[in-house]
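Breakdown of the fold
Residue-level listing of the chains:
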Amino acid sequence: MATVAGATPEVAVRIGLSMTCLQLGIGVVNDVVDAPRDAGRKPGKPIPAGLVAPRAARVAAGLAFAAGILLALTVRPGLAGLGLLVVGIGLAYDLRLKGTAWSWLPFAVGIPILPVYGWFGAAGSLPPPFAALIPAAVAAGAGLAIGNSLVDVERDEAAGATSVAARLGPDRAAAVTAGLYAVVGVVGVVSAAIAGTPPSWLAALAVVAVIAAAAPLLVRARPPADRERAWRAEAVALAIFAVVWLLAVVG
């Protein structure tokens, strides 16, 4: 995003590393919180496997957060403020909303910040097309959250925890996820068409959107490992969609 917005390679790397550190910190805290439930169920994770002590993981998370904010400060002070907001949203998910029917909310709020973070870090402001990108990113974030909870629905139920997928049921959760991705695709393609984007770019956007929307439906009855791989594919497809859309509309 920063590169598309015109950042030099050195600035783009700092922005990218900053967000990477923040996401690493959020992910580590998530693993610390999940460790009791993961014990015996996800032996491949470092804490349940005994490879990393919970205290060491907490220290690593703190260092990752600090590094992310400091890197953001080297770009512009406003980016550091946005970074703190990212940390707050991530911790709200990890510590309060994960395992509840509201687990989708931090994703819906946090995912739109990702393109904003890259573009604002590079340019210091946002272009008009973000008025379409941000609502679409909210739908994408909600879809990713529901898809993520669908991956672990059996584990959550076995541990006595609830989730949005458990409340909806696997089939309905997959359908809602696909529907949200379809909304993203329609908004992206229509807004790009209005902006005069060439047909080849519109076709590329449509293909990526179809891949994202089809993935949860194709694996809804598959084992958790397959659903996790599909969820990763959905996340990558949505990231590609956002970059292609920005290149087509703004680039």
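The structure we're discussing is the one just above.
What you see is a predicted model; the values in this text were computed from it and never measured.

Moving on, we get to the overall build of the chain. Across its full length, the chain holds 11 helices and 0 strands. For the chain, the sequential pattern of α-helices and β-strands runs α-α-α-α-α-α-α-α-α-α-α. Radius of gyration (C-alpha) of the chain: 18 Å, near the 18 Å computed for a compact globule of 251 residues. Its C-alpha atoms give the chain principal-axis dimensions of roughly 55 × 40 × 25 Å. Across the 251 residues of the chain, 45% fall into the buried class. Expressed as a percentage of contacts within the chain between residues at least 6 apart in sequence, the contacts between residues at least 24 apart total 74%. If you sum the accessible surface of the chain, you get close to 11600 Å²; carbon and sulfur atoms cover 71% of it.

Inspection of every chain in the model, using the stated rule, returns 2 cavities of 30 Å³ or more. In this model, the second largest cavity occupies a volume close to 40 Å³. Around the second largest cavity sit Gly147, Leu150, Val151, Pro216, Val219, Arg227 and Glu234, which together line it. Mapped by element, the contributors of at least two residues to the lining of the second largest cavity are helix H6 (130–151) and helix H11 (224–249). By residue number, the principal contributor to the lining of the second largest cavity is H6, which donates 3 residues. When the residues that make up the lining of the second largest cavity are grouped by side-chain class, the tally is 4 nonpolar, 1 polar and 2 charged.

Where helix H9 (residues 170–194) meets helix H10 (residues 199–218), the axes come as close as 8 Å, and the angle between the chain directions of the two elements is 175°. Of the possible angle classes, the one that applies to H9 and H10 is roughly antiparallel. In this structure, H9 contributes Ala174, Ala175, Thr177, Ala178, Tyr181, Ala182, Gly185, Gly188, Val189, Ala192 and Ala193 to the contact, and H10 contributes Leu202, Leu205, Ala206, Ala209, Ala212, Ala213, Pro216 and Leu217. Residues belonging to the contact of H9 with H10 are distributed by class as follows: 16 nonpolar, 3 polar and no charged.

Cut-offs used in this document
Residues numbered from 1 in each chain as written. Predicted model: local features only at pLDDT ≥ 70, side-chain atom pairs only at ≥ 80, totals over all residues. Heavy atoms only, no water. Helix = DSSP H or I, 4+ residues; strand = E, 2+ residues; numbered from the N terminus. Rg over C-alpha atoms; globule rule 2.2 N^0.38 Å. Buried < 20%, exposed > 50% of the residue type's maximum accessible area, 1.4 Å probe, protein only. Contact = heavy atoms within 4.5 Å. Areas by Shrake-Rupley, 256 points an atom, 1.4 Å probe, with all protein chains shown as cover. 1 Å grid on protein atoms, 1.4 Å probe; cavity = no way out; pocket = protein on both sides within 12 Å on 5 of 7 lines; lining within 4 Å. Points joined across faces, edges and corners; volume = space filled by probe spheres on them. Nonpolar A, V, L, I, M, F, W, Y, C, P; charged D, E, K, R; others polar. Axes fitted to C-alpha atoms, helices over the stretch in contact; angles between N-to-C directions. Parallel < 35°, antiparallel > 145°, perpendicular 65-115°, else oblique.

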